[in-house]
Amino acid sequence: MLFKTKHLWFAGLLAYALTACQPALRQPATSPDNRNLNSLLTLEMGANDIYLQDFILKPESIDSVTSSSQTVKISMNADKTIATVDVSPETEQFVDLKIHVKGVAYSVPCRKTDKTAYKFTFDAQGKKYNRIQIAGQMNDWTPSRTPDLQSNAQGLYEVELQLSPGTYLYQMNLDGDQNHDANNPQKVDNGFGKYNSILEVPGKSHLFPVLYSERTSDKKIMLTVQNEVENVYVYWQNYRLPDNFIKVLNGLITFDIPAEARELQRSFVRVWASNHHGVSNDLLIPLHKGDVLMQSSQLTRTDKHAQVMYFMLVDRFMNGDTLNDHPLNRDDVDPRVDFRGGDLAGLQQKIEDKYFEKLGVNTLWLSPLNQNPLEPYGFYAPANTKFSGYHGYWPVSSSKVDFRFGTNDELKTLVTKAHEHQVNVLLDYVANHVHEEHPLYKEHPEFATDLYLPDGTLNVEKWDEQRLTTWFDTFMPSLDFSNPKVVEMMTDSAIYWMKEFKLDGFRHDACKHVNLEFWRMLTLKMKQNFPDKMNYQIGETYGSPRLIASYLTTGMLDGQFDFNVFDIANTTFAGVGGADLRRVQSVLRSSLQMYGHHNLMGYISGNHDKARFMAYASGDVQFGEDAKAAGWSREIGITDSIAYDKFLLFHAFNLTIPGVPVIYYGDEIGMTGGNDPDSRRMMRFEGLNAREQKLFEGVSRLAKLRRSEPVFMYGSFIDVDTKADSWVYARKYFDSEAVVILNNSSEPKEIKATLPDVLKATGLKAFNGNAFELTNSELSVKLPAYGVEVIYR
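This report concerns the structure included in the present document. Keep in mind that this is a model prediction, so the values were computed, not measured.

## What to know about the sheet that holds strand β32 (residues 559–560)
Taking strand neighbours across the sheet as the criterion, the eight strands line up as β32-β31-β30-β29-β26-β25-β34-β33 in an open arrangement whose pairing is parallel. Taken across any chain shown, the strands that pair with only one partner, and hence form the sheet edges, are β32 and β33 (602–604). Across three bridges, the pairing between β33 and strand β34 (residues 660–664) is parallel. By the bridge assignment, Ile604 is partnered in β34 with Val662.

Pasting the structure below:
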């Protein structure tokens with residue numbers, strides 16, 4: 001007994017000594033003023049308005065805003081809601097802003113824009129045009145936002161654009177006729193019977209610092225760095241670690257984990273480095289009670305980076321209660337666009353059957369559940385049909401579940417059951433518009449934007465030129481979010497759904513068509529009402545990476561769907577249109593640079609507004625064909641079963657890169673179809689053939705691998721070797737390493753690559769059992785046609 005007492009006394013003394021050696025920030029571990037990680041901001045040249053309520057819930061409590069840079073000028077308006085940050089060419093590549101609140105300084109990491117002047121040229125090939133314009137991601141597909149091209153001395157047409165390095169999709173607008181650039185062989189199918197050309201803007205990213213997590217011990221973290229480093233920025237939560245925490249020596253960065261980290265079950269360290277060329281990749285290191293998180297068992301469903309998401313149209317998923325079946329059954333409504341019986345009861349059955357657990361999914365995105373109209377609307381002339389509101393995107397109520405899906409109580413029960421199975425539930429929330437039968441529009445038509453433009457033309461489907469006011473159809477009034485009353489009502493409506501049904505967040509429809517004021521107010525209310533919930537919000541925006549990124553701040557959305565990566569990856573893995581993995585690599589690199597290497601973007605296998613991958617991969621829908629018309633005009637099947645192998649390769653890509661992988665219902669078994677509505681067939685759970693079952697098992701194994709290995713959630717992305725038909729990339733998270741090898745070829749291949757020195761590459765095993773050799777960093781892997789291997793430890 002005496003020995004045990006002495007032993008406990010010694011252990012306590014040792015713990016005290018270790019604590020005493022661990023430096024403290026002497027700042028509060030949590031704060032009601034500043035709860036979320038402050039996102040990285042990109043500062044443009046000149047004046048930048050920073051919305052302080054994005055970072056501080058009560059901006060009136062702000063004392064001041066300062067900067068680490070002497071070249072940055074900062075002013076704050078009288079009510080302390082906006083800080084204006086002036087940036088000059090002399091400003092450093094990385095700037096640490098500090099918001100001072102009651103004696104506590106909260107950091108906002110910032111980087112200077114990397115936009116440069118780029119001269120774009122076009123060869124008219126001897127033809128005469130009155131007006132030559134470019135339309136693409138560089139101007140959000142609105143030609144008038146950039147100057148017209150002018151002829152030069154060489155007989156070409158040119159225009160100077162301010163662009164960040166990266167990949168841009170575009171078309172040429174020649175006297176109003178818009179199509180791909182005939183001079184550029186690099187192009188991708190746009191899904192509507194035309195092509196988008198691909199523009200590559202070179203940069204200097206190969207000279208930026210590159211950071212990797214190396215090891216951790218004794219409450220310290222060690223990183224390796226490549227290329228020259230001038231400044232290192234280490235943050236725990238929203239506090240920048242002072243210089244005495246950090247040592248940089250011989251290519252190693254070592255820093256102490258602050259003692260305050262032990263007070264929180266989950267906190268984060270983030271790191272950037274810079275030199276005069278630019279800013280490094282970001283590192284995101286999760287801590288579990290003050291130690292680096294190394295085991296997946298320490299993760300919970302509320303860890304946003306640990307999500308594997310699944311999206312279903314509720315009406316097309318499973319019919320669990322035939323008593324709520326109420327199809328329109330009208331001659332003027334094609335059965336393909338009528339209600340098919342899927343409901344909340346069916347979805348709950350699949351949750352309780354552990355379908356999603358078997359698949360490896362832990363987050364469900366449900367299509368909109370609001371009551372939709374009882375009558376059909378719209379018209380598609382080629383099929384002579386109107387449409388029902390089976391999809392849920394025509395709300396006539398802001399608080400009631402459509403009776404054809406179930407009841408409010410059934411939704412409450414479903415969410416409870418999902419949480420019992422450790423599954424998150426996100427609801428598809430429609431803010432942009434209501435249906436004309438919605439009481440809000442009937443009672444307050446002034447709350448909608450104008451259906452007609454000043455010139456008398458209909459303001460319908462003008463997605464880019466009238467982005468914030470256009471109606472989707474004449475019966476779908478777009479709400480006017482420049483009106484504070486509309487913002488207040490619609491954000492309250494969203495909060496009602498969160499509070500009433502205990503949701504975990506939202507998928508937001510048509511984000512780019514809604515004013516930023518709405519997103520800021522909604523996120524503020526979510527922080528105020530649900531400070532301890534996950535509150536994951538992901539949006540839908542078709543447009544340039546810069547437009548997409550403009551919604552990604554601490555005060556708005558966590559992520560958006562990366563359609564730019566999807567569009568090129570979809571056709572490339574399907575093997576159509578001159579498939580070249582180097583294009584996918586280039587677009588992914590641009591995305592990681594824009595959104596961060598530890599982003600929360602959604603990487604989809606498909607969705608309800610696009611033709612199914614299998615239709616392209618099997619050759620049943622042709623590259624460049626109008627996929628919507630194809631789905632209406634003929635029965636699309638699977639004539640080439642190799643498409644299943646191609647799809648597993650695409651799934652493997654989505655499930656091993658940074659971001660949040662998203663599986664569209666049926667893609668786990670290889671369902672096919674043209675574009676909407678053919679891509680929305682009823683889900684199948686029984687009678688699967690051997691190929692479908694094999695694909696399900698392959699996707700399930702990959703999803704479970706991702707969730708079991710933190711390297712896929714928090715590891716750095718390392719591009720090892722990319723060729724037209726093969727790709728080797730790696731993920732590294734301290735001692736955990738994974739090397740992914742993709743063979744996008746119709747032939748078996750032996751793929752060879754030299755692994756970088758930063759990878760230890762020892763003790764590796766092959767996930768799929770393919771033969772490999774590794775000698776002195778020289779890797780050789782034998783893969784079947786359209787094969788994938790993940791070598792990891």
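## What to know about the pairing of strand β42 (residues 788–792)
Within β42, five of the five residues are buried, leaving the element largely enclosed by the surrounding structure. With burial as the criterion, each face of β42 is covered, one bearing Val788, Val790 and Tyr792 and the other bearing Glu789 and Ile791. As paired elements, strand β37 (residues 736–743) and β42 share five bridges and run antiparallel to each other. Residue pairing across strands places Ala738 opposite Tyr792, the latter belonging to β42. Where strand β39 (residues 765–766) meets β42, two bridges bridge the pair, whose relative direction is antiparallel. Within β42, the residue paired with Lys765 across the bridge is Tyr792.

## Some points on the packing of aromatic side chains
Using the criterion set out here, one finds 46 aromatic pairs in the structure. Ring geometry for Tyr355 against Phe356: centres 5.5 Å apart, planes inclined by 85°, an arrangement best described as edge-to-face. The pair Tyr355 / Phe356 is uniform in exposure class, with both members buried. With centroids separated by 5.4 Å and ring planes inclined at 40°, the aromatic side chains of Phe573 and Phe653 adopt a geometry described as tilted. Of this pair, Phe573 sits in helix α9 (residues 563–574) while Phe653 is found in helix α13 (residues 642–654), placing the two residues 80 residues apart along the sequence. Its relative accessible area of 0% is what places Phe573 among the buried residues. Among the aromatic residues, those joined into a cluster by ring pairs are Phe566, Phe573, Phe613, Phe647, Phe650, Phe653, Phe717, Trp727 and Tyr729. Taking NZ or CZ as reference, Lys533 lies 5.7 Å from the ring centre of Phe530, over its face.

## A short note on helix α4 (residues 408–420)
The first and last C-alpha atoms of α4 sit 19 Å apart over 13 residues, in line with the 18 Å expected at 1.5 Å per residue. Listing the buried residues of α4 in full gives Leu411, Leu414, Val415, Ala418 and His419. Down the axis of α4, the buried set is contained in an arc of 130°. They therefore lie on one face. Summarising the geometry of α4, the exposed residues directed more than 90 degrees from the buried face are Asp409 and Glu420. On the buried face of α4, the contacting elements are α2 (344–352), β26 (363–366), β29 (424–429) and α6 (484–501). In the segment just after α4, Gln422 is the residue with positive phi, at about 60°.

## Looking at unusual backbone geometry
A cis amide bond links Asp676 to the next residue, Pro677, at an omega of 10°. One non-glycine residue, Lys102, adopts positive backbone phi at about 50°. Inspection of the secondary structure assignment puts Lys102 in the loop between β6 (94–101) and β7 (104–112). Judged by relative accessible area, Lys102 falls into the exposed class, the value being 63%. Not every positive phi belongs to a glycine, and Asp175 is a case in point at roughly 50°. Of note, Asp175 is situated in the loop between β12 (166–174) and β13 (177–179). Relative accessible area serves as the criterion here: at 40%, Asp175 is assigned to the partly exposed category.

## Structural notes on the packing of α9 against helix α10 (residues 581–595)
Axis separation between α9 and α10 bottoms out at 9 Å; the angle between their running directions is 165°. When the axes of α9 and α10 are compared, the pair comes out roughly antiparallel. For the crossing formed where α9 meets α10, the hand is left-handed. Taking contact as the criterion, the partners of Asn564, Val565, Ile568, Ala569, Thr572 and Phe573 in α9 are, on α10, Leu581, Arg583, Val584, Val587, Leu588, Ser591 and Tyr595. Of the residues assigned to the contact of α9 with α10, the class counts are nine nonpolar, three polar and one charged.

Calculation rules
Here the residue numbers are simple positions, counted from 1 along each chain's written sequence. Only residues with pLDDT of at least 70 are given local features in this predicted model, and only at 80 or more are side-chain atom pairs given and counted; all residues enter the totals for whole chains, interfaces and linings. In computing side-chain values, all of the structure's heavy atoms are included and hydrogens and water are not. One requirement defines pairing of two strands: DSSP has to find at least two bridges between them. Helix and strand labels come from DSSP, where a helix needs a run of H or I of at least four residues and a strand needs a run of E of at least two; each type is numbered from the N terminus. Throughout this description, buried means an accessible area under 20% of the type-specific maximum (1.4 Å probe, protein chains only), exposed means over 50%, and partly exposed covers the range between. Any two of the Phe, Tyr and Trp rings considered here, Trp counted by its six-membered ring, make a pair once their centres fall within 6.5 Å; the pair's planes then place it as stacked at under 30 degrees, edge-to-face at over 60, or tilted in between. By the criterion adopted, a ring carries a charge over it if an Arg CZ or a Lys NZ lies within 6 Å of its centre and within 35 degrees of its normal. A helix is expected to reach a length of 1.5 Å times the quantity of its residues less one. The directions from the helix axis to the C-beta atoms are what the arc is built from. Two residues qualify as a contact provided that any one of their heavy atoms is within 4.5 Å of a heavy atom in the partner residue. As a rule, the C-alpha atoms of each element are fitted with a line to give its axis, helices using only the stretch in contact, and angles between N-to-C directions run from 0 to 180 degrees. Comment on the angle field: the value is read as roughly parallel under 35 degrees, roughly antiparallel over 145, roughly perpendicular from 65 to 115, and oblique elsewhere. Whether a crossing is left-handed or right-handed is set by the direction in which the near helix is turned from the far one by less than a right angle, anticlockwise for left-handed and clockwise for right-handed. Amino acids outside the nonpolar list (Ala, Val, Leu, Ile, Met, Phe, Trp, Tyr, Cys, Pro) and the charged list (Asp, Glu, Lys, Arg) are all regarded as polar, and Gly is one of them.

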